[in-house]
Amino acid sequence: MTDYSEHEMYLRKVLSNSIGSLNPSEEAKKTARKYSNSYFKDYKQKLLNDYDGKKLEDIENSKIISTSYGDTLRVTHKEKIDFEIHDNNFKNQINNNLKLLPKIGIKTEENLKNKGYDTIESLKNHDKYCDIASSFLDKIDDLSFAEIIEILDCNKYTKKCRNNVLKSISLTDRENFKFMDIETLGLSNVPIILIGVAELRHDKIISTQYFLREIYEEPAVIEAYLSHLDDDSVHVTFNGKSFDVPFIKNRCLYNRVDANLDLPHLDLMYFAKNLWKGRLPNCQLQTIEKELFGIEREGDVPGQYIPDYYNTYLNEKNIGPIVPIIEHNRQDIVSLASFLEKMYGEVN
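Residues numbered from 1 in each chain as written. Predicted model: local features only at pLDDT ≥ 70, side-chain atom pairs only at ≥ 80, totals over all residues. Heavy atoms only, no water.

## Looking at the sheet that holds strand β2 (residues 70-80)
The strand order across the open sheet formed by seven strands is β1-β2-β5-β4-β3-β6-β7, and the pairing between neighbours is mixed. Edge strands, defined here as strands with exactly one partner in the open sheet, are β1 (62-67) and β7 (265-267). Adjacent strand axes in the sheet meet at a mean angle of 30 degrees when their direction is disregarded. As paired elements, β2 and strand β5 (residues 204-211) share eight bridges and run antiparallel to each other. What sits directly across from E79, in β5, is I205. (Pairing = 2+ DSSP bridges. Helix = DSSP H or I, 4+ residues; strand = E, 2+ residues; numbered from the N terminus. Axes fitted to C-alpha atoms, helices over the stretch in contact; angles between N-to-C directions.)

Here's what the structure looks like:
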């Protein structure tokens, strides 16, 4: 009887955290209000009141900059960060991954290692695999980081060897990481209203954001972001392979902006699911922030409300509704650096 009572009490506690229960807790009610349409309508009005008469130039660390496509607004923040990628001798680890060679899968690798062929180097003495092993080892030292990432990404056993992609980041300079996120007016064929990129410099992380003051400024926003990229750059995003980078490519075509966005890409959403799926309620960016880093955002505006907030900014000529959007974007890109460092630590 006691066990049943304890179980019943537990169920009541769990159910009380649901707004759909008969007796929802005050916490459930507060959460429901916080994420309701009426809450974000009231919040938007508060922002309009708070920032009445303010100009974009009043936003902290903002500056109007010029590009070949015209002017746009840049917002820059600099903060201290502890970010360490310790050497893990990854090229030696590659030597232990026989599956990187053609026609060697999980079972074949297991059989070869049971016979004493523990490394690709050792396969130079194997009757069947000697030529491909020698060819692979001859070129591995000359491969760029982009080429190594491509080999790891294209390997059909990537899902089982996904940690190798994370381990490989020791082969590039940390200054090459471009932690990037965009905000848009919808899911496709609409303007990008904000691009944020964070970069590591010594013991600092510098976030630079480019904001669309008016719709016609989109080419300038895109070009300003592209100025951060070079041949060694590595995109680091959260769902950016499926959304952010293809979206930017599409808007480059629309605006006739030349761009090379085919860079090495670390999409941390996939790594998060691989590493943390069993530990977290879900693998959304803000859930990871809260559960693994103890970060809980205040005054945040979820993505589904961003188009309405931006259009209100345009219609009312009031910067209030876009202030939390800029902060939302900044927190996203800074969090990506913490995610990457933690992921690298765990797989090593």
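## As for the pattern of salt bridges
All chains considered together, the criterion is met by 20 salt bridges. In this structure, E327 and R330 form a salt bridge, with 2.8 Å as the shortest nitrogen-oxygen distance. Note that E327 and R330 are positioned in helix α14 (residues 323-347) at a spacing of three residues, about one turn of the helix. When its relative accessible area of 30% is taken as the criterion, E327 is described as partly exposed. A network of salt bridges, in which partner residues are shared, links E289, R297, D300 and D332. (Salt bridge = Lys/Arg side-chain N within 4 Å of Asp/Glu carboxyl O. Buried < 20%, exposed > 50% of the residue type's maximum accessible area, 1.4 Å probe, protein only.)

## A short note on the pairing of β1
Successive residues of a regular strand alternate their side chains across the two faces of the sheet. With six bridges joining them, β1 and β2 adopt antiparallel strand pairing. The residue bridging S62 from the neighbouring strand is V75, located in β2. Here β1 hands over to β2 after two residues, the two strands then running antiparallel side by side.

## Here's the deal with the packing of aromatic side chains
All told, the structure shown has 13 aromatic pairs when counted by the stated rule. Ring geometry for W276 and F339: centres 6.5 Å apart, planes at 90 degrees, overall edge-to-face. Remark: F339 occurs in helix α14 and W276 occurs in helix α11 (residues 268-276); sequence separation between them is 63 residues. The same class applies to W276 and to F339, which are both buried. Note that R251 overlies the ring of Y254, its terminal NZ or CZ placed 4.3 Å from the centroid. (Phe/Tyr/Trp six-rings, centres within 6.5 Å; stacked < 30°, edge-to-face > 60°. Lys NZ or Arg CZ within 6 Å of the ring centre and 35° of its normal.)

## Examining the environment of K249
Among the structural elements, K249 can be located in helix α10 (residues 240-255). Setting aside anything within four residues of it in sequence, one finds K249 in contact with L261 and D262. (Contact = heavy atoms within 4.5 Å.)

## Focus: the side chain of R330
Accessibility expressed as a relative area gives 14% for R330, which makes it buried. Those residues within four positions of R330 in sequence are excluded, and the remaining contacts are H77, E79, S207 and Q209.

## Points about the packing of helix α9 (residues 218-226) against α10
In contact at an axis separation of 10 Å, α9 and α10 are set at 125 degrees when each is read in the N-to-C sense. Considered as vectors, α9 and α10 are oriented oblique to each other. Judged by the sense of rotation from one axis to the other, the crossing of α9 with α10 is left-handed. Two secondary-structure elements touch here, α9 through E218, P219, I222 and Y225 and α10 through I248, R251, C252 and N255. Looking at side-chain class alone, the contact of α9 with α10 contains five nonpolar, one polar and two charged residues. (Parallel < 35°, antiparallel > 145°, perpendicular 65-115°, else oblique. Left-handed = near helix turned anticlockwise from the far one by under 90°. Nonpolar A, V, L, I, M, F, W, Y, C, P; charged D, E, K, R; others polar.)

## As for the nonpolar core
The biggest cluster of nonpolar side chains holds 49 residues, and the ones touching the most others in it are F177, F179, F238, L266, L268 and L340. At eight residues, the largest contribution of residues to this core is made by α14. For L340, the residues in contact, after removing those within four places along its chain, are F83, L166, I169, F177, F179, V236, L266 and L268. By size, the runner-up hydrophobic cluster in this structure holds 42 residues, among which are L194, V221, C252 and L263. (Core = buried A, V, L, I, M, F, W, Y, C linked by side-chain atoms within 4.5 Å.)

## Brief notes about the side chain of T208
Tracing the backbone through its elements, the reader meets T208 in strand β5. Excluding its chain neighbours within four sequence positions, the residues that come into contact with T208 are R74, V75, T76, I195, G196, V197 and H228.

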